[in-house]
Amino acid sequence: LGWICTTSFALAQVSGSVVGQLKDQESGDWLEFVSVGVKAPGKEGYVAGATSNLEGRFTISNLAAGNYQLEIFFVGYEKKVIEEVVISPTKPRID
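All of these numbers come straight from a predicted model, not from anything done at the bench.

A. Representation of the nonpolar core. In terms of nonpolar packing, the biggest core is built from 18 residues, with Ile 60 and Leu 63 touching the most fellow members. Apart from residues no more than four positions distant in its own chain, Leu 63 is found in contact with Ser 15, Gly 16, Val 18, Val 38, Val 47, Ala 48, Tyr 68 and Ile 87.

B. Spatial organisation of the pairing of strand S7 (residues 80-87). Pairing of strand S6 (residues 66-73) with S7 involves 6 bridges; the strand directions are antiparallel. Paired with Ile 72 across the bridge in S7 is Lys 80. Connecting S6 to the next strand, S7, in antiparallel fashion are 6 residues, including Gly 76 with a positive phi near 90°.

C. Expanded view of the pattern of salt bridges. This structure, assessed with the given rule, holds 2 salt bridges. For Glu 71, the salt bridge goes to Lys 39, with nearest N and O atoms at 3.5 Å. You can see Glu 71 sitting in strand S6 and its partner Lys 39 sitting in strand S3 (residues 35-39), a full 32 residues away along the chain. Of the charged contacts, one joins Glu 71 and Lys 79 as a salt bridge, the two residues approaching to 3.7 Å between their closest N and O atoms. Of the residues examined, Glu 71 reaches a relative accessible area of 6% and is grouped as buried. Relative accessible area serves as the criterion here: at 47%, Lys 79 is assigned to the partly exposed category.

Basis of the calculations
Residues numbered from 1 in each chain as written. Predicted model: local features only at pLDDT ≥ 70, side-chain atom pairs only at ≥ 80, totals over all residues. Heavy atoms only, no water. Core = buried A, V, L, I, M, F, W, Y, C linked by side-chain atoms within 4.5 Å. Buried < 20%, exposed > 50% of the residue type's maximum accessible area, 1.4 Å probe, protein only. Contact = heavy atoms within 4.5 Å. Pairing = 2+ DSSP bridges. Helix = DSSP H or I, 4+ residues; strand = E, 2+ residues; numbered from the N terminus. Salt bridge = Lys/Arg side-chain N within 4 Å of Asp/Glu carboxyl O.

Below is the structure:
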């Protein structure tokens, strides 16, 4: 999976969001209906998740400040894991 992932942080709400867009690296096609799960270290299961839309875009909002792991999975593709996704006021964007 090819991916673009950014995070934003809202100080007033003391929470952040992970926003991204997913596409196939070979064909360049946007990937729709891809599952994206957010895991917190030391916790079982997902704390949040989303499914990409027709343009491959997804948004996961209302994440408390902290370190997370993203898992991106779709039938026919190898699962992609992105470690150390940090939601904080000092690190508002990940490219």
